[in-house]
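Chain by chain, the residues:
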Amino acid sequence: MPEKRIVLKNCEVIDPRRITTYLDRDGFRAWEKVRSEMTPEQVIGEVKASGLRGRGGAGFPCGLKWELARKAPGDEKYVICNADEGEVGTFKDRYILENDPFTLVEGIAIAAYAIGTKQSYIYLRAEYHYLFDLLMNAISQARERGFLEYLDIDIREGAGAYVCGEESALMDSIEGKRGEVRYRPPFPPEKGLWEKPTIINNVETLMNIPQIVLNGANWFNQIGTERSKGTKVFSVSGDVERPGVYELVLGSQLRELVMELALAKKVKIIQVGGATGRMIPYTMVDTPLSFETILGAGAITVLDESRDVVDAVYRTLEFLAEESCGKCSPCREGTETMVGILERFSRGEGEERDIRLLEELSNAMMLSSLCGLGQAAPIPVMDSLEYFRDDYESRIKQKQGGIVA
Ligand SMILES: Cc1cc2nc3c(=O)[nH]c(=O)nc-3n(C[C@H](O)[C@H](O)[C@H](O)COP(=O)(O)O)c2cc1C
């Protein structure tokens with residue numbers, strides 16, 4: 001199955017420092033079309049009809065988000081591009097920013113026009129500081145050519161915390177506060193940055209916009225599955241021969257990505273969606289990649305037969321406990337407690353009742369945590385207990401038999 005490049009169409013083709021190379025490939029034609037022929041409502045209608053869903057992990061319908069912000073009362077509104085890319089194993093946004101900052105600028109310009117604002121931000125991951133000048137250069141060149149007459153795009157550098165990629169913590173961070181999640185409702189399209197209507201979109205989501213405008217919603221709608229339209233850009237790493245960034249039509253099989261493109265061998269575990277994502281066995285390699293099945297932000301980490309499941313979950317939970325913002329106790333206490341239990345297992349001291357405790361904690365955290373971090377932290381734990389329970393039980397047996405010291 002070949003890759004299909006919509007989002008990555010210009011990557012490694014244009015010169016990311018020269019706007020002329022972008023203009024030669026239909027650059028800013030979508031913006032010209034919007035500006036001269038379309039009302040904001042028509043733009044939103046087209047994005048809604050395309051079926052585009054957010055690529056940052058949650059898969060919220062993009063056009064609907066824009067419509068809510070457009071209809072929210074008030075003149076002061078904001079567009080934020082989420083370029084925090086803190087998910088473990090994700091590096092696709094970095095690849096996009098490095099290779100095609102112009103499409104992103106064009107996507108932001110269209111989003112701003114659609115919701116009716118003159119102010120936008122790019123929230124750039126702290127570690128991507130080296131991309132600051134490249135992005136500023138793309139913004140200045142677009143401005144010099146008259147494409148950003150009505151819009152300011154400011155870059156805010158991230159605070160270096162995983163949770164600051166979460167949209168409400170991100171807004172706190174832009175406001176100069178410590179990044180902690182907010183209670184919702186109200187949701188950002190109603191009350192977001194500085195309590196004004198705000199849309200927050202992932203880099204990849206916005207990269208789709210110019211082509212949807214130019215080619216039409218029907219063109220986009222025909223790519224993918226019933227509820228997952230278009231393509232998805234994946235970051236593949238771990239025990240594979242060809243790690244990297246791949247763009248596939250939604251609905252393609254995990255096998256095509258991991259085995260055929262990335263050339264994995266002797267696969268034991270596939271982590272799909274990063275630290276808070278799924279942890280599945282090789283037997284599920286024929287699962288299609290879509291919002292209906294399994295997706296997240298597109299981080300795929302392959303672990304081969306030499307890897308230990310309990311250790312992998314332990315490390316993942318250690319990361320999440322470290323990164324929990326601490327505002328809600330289910331996440332703050334739950335992740336720490338899970339780390340303690342998993343550590344016992346990795347020392348060979350886990351017991352049968354620890355498995356029950358992990359299950360009970362998982363349920364409580366999923367139901368009562370404030371944001372996606374705490375709600376999804378139990379996913380790898382639950383998956384490992386479902387698909388790799390033997391790995392836990394064999395350690396308990398070893399302890400009972402006195403094999404593990
Ligand atoms: C802990 C946590 C971290 C997140 N990190 C990111 C991130 O780095 N980049 C991103 O685009 N979305 C991230 N998200 C999702 C955002 O909250 C939000 O759903 C997304 O930016 C919306 O854009 P989209 O609709 O275009 O996907 C994160 C969510 C959580 C719970």
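Residues numbered from 1 in each chain as written. Predicted model: local features only at pLDDT ≥ 70, side-chain atom pairs only at ≥ 80, totals over all residues. Heavy atoms only, no water.

Description of helix H3 (residues 40–50)
Alright, step 1. Among the residues of H3, Pro40, Val43, Ile44, Val47 and Ser50 are the ones counted as buried. Each buried residue of H3 sits inside an arc of 125 degrees when the element is viewed along its axis, so together they form one side.
Alright, step 2. Elements that come into contact with the buried residues of H3 comprise helix H2 (29–37), helix H4 (62–71), helix H6 (101–115), helix H9 (203–215) and helix H10 (217–221).
Alright, step 3. Where H3 terminates, the next one or two residues include Gly51, which has phi positive at roughly 80 degrees. (Buried < 20%, exposed > 50% of the residue type's maximum accessible area, 1.4 Å probe, protein only. Helix = DSSP H or I, 4+ residues; strand = E, 2+ residues; numbered from the N terminus. Arc of directions from axis to C-beta. Contact = heavy atoms within 4.5 Å.)

Regarding the site of the ligand
Alright, step 1. The local shell around the ligand holds 18 residues, among which Gly56, Lys65, Asn201, Asn202 and Thr205 are the closest.
Alright, step 2. A distance of 2.9 Å separates an oxygen atom of the ligand from a polar atom in the side chain of Asn82.
Alright, step 3. Where the shell around the ligand is concerned, the elements lending two or more residues are strand S4 (198–202) and helix H15 (372–376).
Alright, step 4. Top element by residues in the shell around the ligand is S4. It accounts for 3 residues.
Alright, step 5. Class assignment of the residues belonging to the shell around the ligand gives a composition of 3 nonpolar, 9 polar and 6 charged. (Near = heavy atom within 4 Å. Polar contact = N/O pair within 3.5 Å; in protein donor to acceptor, adjacent residues only side chain to side chain. Nonpolar A, V, L, I, M, F, W, Y, C, P; charged D, E, K, R; others polar.)

Some details on the environment of Asn137
Alright, step 1. Mapped onto the secondary structure, Asn137 falls in helix H7 (residues 132–144).
Alright, step 2. Classification of Asn137 as partly exposed rests on a relative accessible area of 21%.
Alright, step 3. Along the chain, Asn137 and Ile19 lie 118 residues apart, while their C-alpha atoms are 9.3 Å from each other.
Alright, step 4. In this structure Asn137 touches Pro16 and Arg17, once residues within four positions along its chain are discounted.

Quick look at the packing of H4 against H6
Alright, step 1. Contact geometry of H4 with H6 gives a least axis separation of 8 Å together with a crossing angle of 45 degrees. Taken together, H4 and H6 sit at an angle that is classed as oblique. Contacts from Trp66, Ala69 and Arg70 of H4 reach H6 at Ala111, Tyr113, Ala114 and Ile115.
Alright, step 2. Here the residues of the contact of H4 with H6 are counted per class, giving 6 nonpolar, no polar and 1 charged. (Axes fitted to C-alpha atoms, helices over the stretch in contact; angles between N-to-C directions. Parallel < 35°, antiparallel > 145°, perpendicular 65-115°, else oblique.)

A word on the pattern of salt bridges
Alright, step 1. Going through the model one piece at a time under the given rule, you end up with 34 salt bridges.
Alright, step 2. For Glu204, the salt bridge identified is with Lys92, shortest N-O distance 2.8 Å. Taken together, the residues span a long stretch of sequence, with Glu204 in helix H9 and Lys92 in helix H5 (residues 92–99) at a distance of 112 residues. Accessibility assignment for this pair places Glu204 and Lys92 in one class, buried.
Alright, step 3. For Glu98, the salt bridge identified is with Arg94, shortest N-O distance 4.0 Å. Of this pair, Glu98 and Arg94 both sit in helix H5, 4 residues apart, which is roughly one turn of the helix.
Alright, step 4. Overlapping salt bridges bring together Arg55, Lys92, Asp93, Glu204 and Lys232 as one network. (Salt bridge = Lys/Arg side-chain N within 4 Å of Asp/Glu carboxyl O.)

Brief notes about the sheet that holds strand S3 (residues 152–157)
Alright, step 1. One open sheet holds the 4 strands; their spatial order is S3-S2-S1-S4, and the pairing between them is parallel. What marks the edges here is a single partner per strand, and that holds for S3 and S4. Adjacent strand axes in the sheet meet at a mean angle of 20 degrees when their direction is disregarded.
Alright, step 2. As judged from the 6 bridges shared by strand S2 (residues 119–124) and S3, these two strands associate in the parallel manner. The partner of Ile122 across the bridge, within S3, is Ile155.
Alright, step 3. Across the face of the sheet, H6 comes into contact with strand S1 (78–83), S2, S3 and S4 while running at roughly 150 degrees to S1. (Pairing = 2+ DSSP bridges.)

Side note on the packing of aromatic side chains
Alright, step 1. Using the criterion set out here, one finds 10 aromatic pairs in the structure.
Alright, step 2. Considering the side-chain rings of Tyr78 and Trp194, the 5.8 Å spacing of their centres and the 65 degrees angle between planes classify their relative orientation as edge-to-face. Of this pair, Tyr78 sits in strand S1 while Trp194 is found in the loop between helix H8 (167–174) and S4, placing the two residues 116 residues apart along the sequence.
Alright, step 3. One aromatic cluster is present, built from ring pairs that chain together Tyr22, Phe28, Phe102 and Phe147.
Alright, step 4. The cationic tip of Arg53 hangs over the ring face of Phe291; the distance from NZ or CZ to the ring centre is 4.3 Å.
Alright, step 5. Over the ring of Phe234 we find Lys232, and its NZ or CZ is 6.0 Å from the ring centre. (Phe/Tyr/Trp six-rings, centres within 6.5 Å; stacked < 30°, edge-to-face > 60°. Lys NZ or Arg CZ within 6 Å of the ring centre and 35° of its normal.)

Overview of the domain arrangement of the chain
Interface size is commonly expressed as the accessible area that is lost once the parts come together.
Alright, step 1. Domain boundaries in the chain define domain 1 (19–221), domain 2 (231–304) and domain 3 (316–393).
Alright, step 2. Distance between the C-alpha centres of domain 2 and domain 3: 23 Å.
Alright, step 3. Each side of the interface is counted separately: domain 2 has 11 residues, and domain 3 has 14 residues.
Alright, step 4. Taken over both partners, the interface formed by domain 2 and domain 3 buries close to 940 Å², and the fraction arising from carbon and sulfur atoms is 65%.
Alright, step 5. If you sort the residues of domain 2 by the area they bury against domain 3, Ala275, Thr276 and Met279 come out on top, with a joint share of 54%.
Alright, step 6. Linking domain 2 with domain 3 are 2 salt bridges.
Alright, step 7. One salt bridge in this structure joins Lys268 and Asp391, with 3.7 Å as the shortest N-O distance. (Domains from an automatic or database assignment. Buried area = accessible area lost by both parts, 1.4 Å probe.)

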